[in-house]
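Here's the letter readout for the chains.
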Amino acid sequence: MGWVADAAATVRWAVNRVLWPLRDREAGAEHTELRARQRTLAADGEAVALAVVLPGEPGLGSGRGGRVIGDLTLILVSAAHAQVAVGRVLHPGFQGRGYAHEAAAALLDLATGLGAHRVAATVDAADEPSLALCARLGMRREAPFRQDRYGDTGRRDTVIHALTRDEWLAARATSAG
Ligand SMILES: CC(C)(COP(=O)(O)OP(=O)(O)OC[C@H]1O[C@@H](n2cnc3c(N)ncnc32)[C@H](O)[C@@H]1OP(=O)(O)O)[C@@H](O)C(=O)NCCC(=O)NCCS
């Protein structure tokens, strides 16, 4: 399927930043298909993966109706406390155009619309574009963690960013008005 090739190409580029293991093309496609089958947020720890599709852009495979240029993740951290976590990755060829911001805002709309009280994102402390995106979305820089992740590029620092549902709704109301 075309969209698997698109999505796997995006995620292959981002492994150093999201700290996933490096996968070859076949393993990347398998992992993408596995993530695409995750469709429920019924129990803590469950996640859904969503594709960011750019209409009118030809896909890498046989996909029609646009190219998958990014990947959004929504994770149910705690149903009892209405806490979710989000992640986002955009193919490098499509960055710098505001698409990640538009997609991330739609994900915050979805998360808060589903009842999330607080949305958090864990960002690599050296990932300036991600830090800038969090700031543009109004996500508060809450907590730096020293060397709490280990990947192919060694130990990494991360920073938690978060906002509450009320903060997001207020930001949305301001940008609409
Ligand atoms: C984080 C990430 C998604 C950000 O992508 P991005 O394209 O830089 O983000 P945005 O969509 O907000 O685009 C912002 C840029 O587009 C520019 N832009 C151009 N046209 C625009 C428009 N119409 N609207 C908004 N911004 C626009 C902005 O000026 C800004 O440019 P700048 O970075 O030079 O200031 C991307 O860097 C990425 O995939 N990183 C790796 C994965 C990762 O770290 N994920 C985070 C884990 S939570």
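Where an unreviewed UniProt entry is consulted, the protein appears under the name GNAT family protein, with the organism given as Streptomyces kurssanovii.

Visitor: Run through the overall build of the protein, naming residues and quoting values.
Guide: Of the regular secondary structure elements, the protein holds 5 helices and 6 strands. The burial tally for the protein puts 28% of its 177 residues in the buried class. Counting contacts in the protein only where the partners sit at least 6 residues apart, residues at least 24 apart contribute 57% of the total.

Visitor: Hey, could you go over the site of the ligand for me, with residue numbers and the actual values?
Guide: Lining the immediate surroundings of the ligand are 23 residues, of which Q95, G98, A100, H101 and P129 lie closest. Listed by contribution, the elements that provide at least two residues to the shell around the ligand are α1 (2–18), β3 (83–90), α3 (99–113), β4 (118–124) and α4 (128–137). Each residue belonging to the shell around the ligand can be placed in one class, and the counts come to 11 nonpolar, 6 polar and 6 charged.

Visitor: So, the sheet that holds strand β1 (residues 47–54): which residues are in play, and what are the values?
Guide: Note on sheets: strands pair through backbone hydrogen bonds, and any given pair is parallel or antiparallel. If you walk across this open sheet you meet the 6 strands as β1-β2-β3-β4-β6-β5, and the pairing is mixed. Of all the strands in the sheet, the pair left with one neighbour each is β1 and β5 (140–151). Adjacent strand axes in the sheet meet at a mean angle of 25° when their direction is disregarded.

Visitor: Please set out the nonpolar core residue by residue, giving values where relevant.
Guide: Counting 29 residues, the largest nonpolar core has V84, V86, L107 and A111 as its most contacted members. In terms of residue count, the dominant contributor to this core is α3 (6 residues). Sequence-distant contacts of L107, defined by excluding residues within four places in its chain, comprise L72, L74, V86 and R88.

Visitor: Pulling in residues and values, what's your account of the packing of α3 against α4?
Guide: Here α3 crosses α4 at 55°, and the two axes come no closer than 11 Å. As far as their axial angle goes, α4 and α3 are oblique. For the crossing formed where α3 meets α4, the hand is right-handed. On α4, the residues that touch A100, H101, A104, A105 and L108 of α3 are L133, R136 and L137.

Visitor: Before we move on, can you summarise unusual backbone geometry with the specific residues and values?
Guide: Look at A82: it is not a glycine, yet its phi comes out positive at around 55°. Note that A82 resides in the loop between β2 (67–78) and β3. In the Ramachandran plot, Q147 falls in the positive-phi region, its phi being about 45° despite a non-glycine side chain. The exposure class of Q147 is exposed, given the 11 C-beta atoms found within 10 Å.

Visitor: Can you tell me about the pairing of strand β6 (residues 154–164), naming the residues and giving the values?
Guide: The pairing of β4 with β6 spans 7 bridges and is antiparallel. When the bridges of β6 are listed, A121 appears paired with H161. Both β5 and β6 contribute to a ladder of 8 bridges, which runs antiparallel. Bridge pairing links P144 to V159 in β6.

Scoring rules and cut-offs
- Residues numbered from 1 in each chain as written.
- Predicted model: local features only at pLDDT ≥ 70, side-chain atom pairs only at ≥ 80, totals over all residues.
- Helix = DSSP H or I, 4+ residues; strand = E, 2+ residues; numbered from the N terminus.
- Buried ≥ 20, exposed ≤ 12 C-beta atoms within 10 Å, placed from the backbone.
- Contact = placed C-beta atoms within 7 Å.
- Near = placed C-beta within 6 Å.
- Nonpolar A, V, L, I, M, F, W, Y, C, P; charged D, E, K, R; others polar.
- Pairing = 2+ DSSP bridges.
- Axes fitted to C-alpha atoms, helices over the stretch in contact; angles between N-to-C directions.
- Core = buried A, V, L, I, M, F, W, Y, C linked by C-beta atoms within 7 Å.
- Parallel < 35°, antiparallel > 145°, perpendicular 65-115°, else oblique.
- Left-handed = near helix turned anticlockwise from the far one by under 90°.

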